[in-house]
Amino acid sequence: MGNCHNLSNQCLINKAEDENIDLVWHRYEKMLPLCGFGEKGICCRICMKGPCRIDPFGNGPQEGICGANADTIVARNLVRMIAAGTAAHSSHGKEIAKTLMQVGKKTSKSYAIKDSEKLRAIAKKMNISIEGKDIYQIAEQVAYESLKDYSRIEEEPCTWLSNSITPPRLEKLEGLGVALNNIESSVADIMSRTHLGTDADPINLLLAGMRCAIGDYTGMQISTNLSDVLFGTPEPVISEANLGVIKKDAVNIAVHGHNPLLSEIIVDVVDEMQQEARAAGATAGINIVGVCCTGNEVLLRRGIPMASNYLSQELTILTGALEAMVVDVQCIMPSLAKIASCYHTKLFTTMPEAKIPGADHFELHDENAVENARKIVKQSIEAYKRRDPNKILIPEEKSQIIAGFSTESITNLLSKIDSEKPLRPLIDNIVNGNIRGVVLFAGCNNVKITQDYNFVHMAKKLLENNILILATGCGAGAFAKNSLMNSEATNKYAGESLKAVLTMLGKEAGLDAPLPPIFHMGSCVDNSRAVDLAVNLANELNIDLYQLPVVASAPEVMSEKAIAIGTWAAGLGMPVHIGLMPPVGGSPLVAEVLTSGLKDIVDGYFIVEKDPLEAASKIIHVIEEKRAALNV
Ligand code: BF8
Ligand code: SF4
C-alpha cells in the first residue's frame, strides 16, 4: 500500500490507485494545465456568436465579437457565480420556511416545532404580534413573513436583512441601492442584466452582484433560524471527527449535502432499527456519520460524528465499510456513484432537483419522509451483508471535538458571568486585549491546495497571537478533523491571554478544561450565526460592524456559494481573506475594485493571499489597525 503511516487518510488514496479508481486529486492531475482564459474569467459563453476569449497578453483580441471587453466579461461571469451561490443557499432556506408553514398549518406528517422559545423570539424580531396566538399560528405567520422575502413586490428591504444588521449598515446598504426587497428577483436580475447586450458597465454589474449577495445573506438568516425552530438550537456537544469515526462492526450510513430536512429524519428512524442491524451481524448497530454541511447540521444538533469535509468525501466509500451515502443537495461529487459501484455501498439521492446517474432515488417529501428514510436504512442493512472484508481499510485518524456554538449557546454561557449584560465579558476581553480580535473561517476545500493545510496553518498562527476563531462549513470540518476544536488545542496553541479567557469560560461552562480555541458554529448557512454575534457586539458598543476587529477568511475557497458569502461579508463591512484568486485576474479593474475600491464604498474588501502564514500576518495587521482606530 505504498507509503502510508498509521492507517492515515493517505492510505485510502493509495488504495484507490491500487484498485484503479480515480479520485478528485487524480482527475485534477489529468485536467492540468487548466484553461488560462477560464481561470482569469475572460472566456465568455453568453451567446452563440462566441465563445469569445480575450487575450490576456494584449496581442490578440481585446473585445468579444459583440464588443464586450475584459472588464465587462469578467464582471458578468463573477456576478453570475454570485447569483448561483445565492440561488443555492436561499432555496435551501425556502424549503425550510415551506416546511415550517406546513407545521404551522398542522398539515405536516414528518416535522414538528422543537424550539418554541426561539420561534417566539423570532416573531418578536420580525415584529409579529404573538398575543393570543398558539405556537402553530406563530409558526405559520413567521413562515409566511419569511417567504415574503422571496417574493416581495414593495420596495422595502427584506425583513431578515433589516432585522439582523446594525442600523448604520442598513442605512449604508439602502443608500447604495443594495438592500434588496426580494431574494429571488435579485437572482433573476443578475441573469437578466448579464444577458447579451444588457449591462456592460463593470461597476454597475458589481453593484448588482453585491445586491444579490446580500440576498444570499438574507437567505442564510432564514435557513439557520427556521432550522433551529424545527430541529433545535445547537448547544455545546462532544463528538468526534475524521474517517476514523467509521466503525468496522456497524452499518455505516453517511449523510451528505446541506439540508437538514432529510438527515434529521434519518437520525430519528435509526434508533428503532438498531436491532435489525445487529441481527444482520453488525454488532455495533447503525452508525450515522456526517459529510460536508449536512454533517455539520447533525453534528451540532445531534452530536453525530463528522467523517469528512468536501475534498475527502470519496474516501468514505474507499474505506469499504460504508453501507450507504445518503445525499440531498450541493457539493456532492457526481463521482460518488461510480466509486460506490466498485463497492457494496449504496448511493441514495433524495431531492427532486439533485439526481445522480447510478444512484437510487428515494424522494423525501413531508408525507413520506419517515417511510422512505426507513427504506433507505433497511437497504443499508441489506448492503452490510454484501460487504467484502478484503476491501475494508478504515483509517485510525479521529479527533475529539466540542461543537455546537450557536449565538444563543455562547450568550447563555457568557450570561453566567454577567446575567444583565451577557456580552460584556467578551467585550471587556477584546477591549483589554486578552482577545486581540476574531476571525471567522468559512468556505470550502479546493483541490489546488493540500486539503485543510491553509486552514490549519493559519489558525495556529492566529491562535498564538491571541485571536479567537469561529468556524463554519468545510473550514469547521478542517479544524474538527485536525484536533483544533478541543480543550487540548487551547492548551497547545492559544496565546497566554486567550488561553486564560477560554479557561475561565470553560470553568463557567462546567468543564474541567478550557473551551476549544475555535468555536464550531455550524454549516455554511450558519455564517449568519457569526454575523449575529458580531452585530450584537457592535450594537452593544454602538458602532458598526466594520469597526470591530473582525476578519473573515476562506483560505481554500472553491464554490459559487463561497463567492456569494465572501461578497456579502465584504458588503457588511468585513475584510475578507481568500486563499485563491477568483476568476477575475483578466480584469485589473475588477480585481482592483474587489481588493481596494470596495473599501471606500462598503468598508469591507478582499485580501488575496495564498500563503497561509503570510495571510495570517496580513489578518493580524488588519486586526491591529482596527483596534488602533477604536483606541483599544
Ligand atoms: O456549504 S464549505 S465545499 S460543503 S460550499 Fe460546499 Fe464549500 Fe464545503 Fe457546505 Ni459551503
Ligand atoms: Fe462573445 Fe459577446 Fe457573445 Fe460573449 S456575449 S460570447 S463576448 S459575442
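Preceding this paragraph is the structure being described.
All values reported here derive from a predicted model rather than from experimental measurement.

Topic: the sheet that holds strand 11 (residues 437-441)
Ordered in space as 13-12-11-14-15-16, the 6 strands form an open sheet in which the pairing is parallel. This sheet does not close on itself; its edge strands, each paired only once, are strand 13 (518-522) and strand 16 (605-608). The mean inter-strand angle of the sheet, taken between neighbouring strand axes irrespective of direction, is 25 degrees. Summarising the sheet, strand 14 (residues 550-554) and strand 15 (residues 575-578) pair through 3 bridges and their orientation is parallel. By the bridge assignment for strand 15, S553 is matched with H577.

Structural notes on the site of ligand 1
Near ligand 1 the following residues occur: H258, C292, C293, Y310, C331, G443, C444, C474, C524, M558, S559 and K561. Within the side chain of H258, a nitrogen or oxygen atom sits 2.6 Å from an oxygen atom of ligand 1. K561 is positioned such that a nitrogen or oxygen atom in its side chain is 3.0 Å from an oxygen atom of ligand 1. The residue makeup of the shell around ligand 1, split by class, is 8 nonpolar, 3 polar and 1 charged. Taken domain by domain, the shell around ligand 1 gets at least three of its residues from each of domain 2 (243-391) and domain 3 (399-630).

Points about the pattern of salt bridges
One pass over the structure, following the stated rule, counts 36 salt bridges. Notably, a salt bridge pairs D360 with K346, separated by 2.7 Å at the nearest N-O pair. Taken together, the residues span a long stretch of sequence, with D360 in strand 9 (residues 360-361) and K346 in strand 8 (residues 346-349) at a distance of 14 residues. Residue D360 is classed as partly exposed on the basis of its relative accessible area, which comes to 30%.

Here's the deal with unusual backbone geometry
The omega angle of the peptide bond from L32 to P33 is -5 degrees, so this bond is cis rather than trans. By secondary structure assignment, the location of P33 is in the loop between helix 2 (24-31) and helix 3 (36-40). The backbone of N20 sits at a positive phi, close to 60 degrees, despite the residue not being glycine. Structurally, N20 can be placed in the loop between helix 1 (9-18) and helix 2. Unlike most non-glycine residues, Q330 shows phi in positive territory, near 70 degrees. Counting through the fold element by element, Q330 comes out in the loop between strand 7 (322-327) and helix 14 (335-341).

A closer look at the site of ligand 2
What surrounds ligand 2 is the set C44, I46, C47, K49, G50, C52, G64, I65, C66, R76 and L196. For the shell around ligand 2, the residue count by class is 7 nonpolar, 2 polar and 2 charged.

Re the packing of aromatic side chains
Going through the model one piece at a time under the given rule, you end up with 7 aromatic pairs. An angle of 70 degrees between the planes, with centres 6.1 Å apart, marks the rings of Y111 and F231 as edge-to-face. Within this pair, whereas Y111 is found in the loop between helix 4 (70-104) and helix 5 (116-125), its partner F231 is found in helix 10 (residues 202-231), the two being separated by 120 residues in sequence. The buried category is assigned to Y111, whose relative accessible area is 13%. Ring pairs connect the aromatic residues F441, F455 and F479, which therefore count as one cluster. Directly above the ring of Y136 sits K106, whose terminal nitrogen or CZ lies 4.8 Å from the centroid.

What counts, and where the lines are drawn
Residues numbered from 1 in each chain as written. Chains lettered and ligands numbered in written order. Predicted model: local features only at pLDDT ≥ 70, side-chain atom pairs only at ≥ 80, totals over all residues. Heavy atoms only, no water. Pairing = 2+ DSSP bridges. Helix = DSSP H or I, 4+ residues; strand = E, 2+ residues; numbered from the N terminus. Axes fitted to C-alpha atoms, helices over the stretch in contact; angles between N-to-C directions. Near = heavy atom within 4 Å. Polar contact = N/O pair within 3.5 Å; in protein donor to acceptor, adjacent residues only side chain to side chain. Nonpolar A, V, L, I, M, F, W, Y, C, P; charged D, E, K, R; others polar. Domains from an automatic or database assignment. Salt bridge = Lys/Arg side-chain N within 4 Å of Asp/Glu carboxyl O. Buried < 20%, exposed > 50% of the residue type's maximum accessible area, 1.4 Å probe, protein only. Phe/Tyr/Trp six-rings, centres within 6.5 Å; stacked < 30°, edge-to-face > 60°. Lys NZ or Arg CZ within 6 Å of the ring centre and 35° of its normal.

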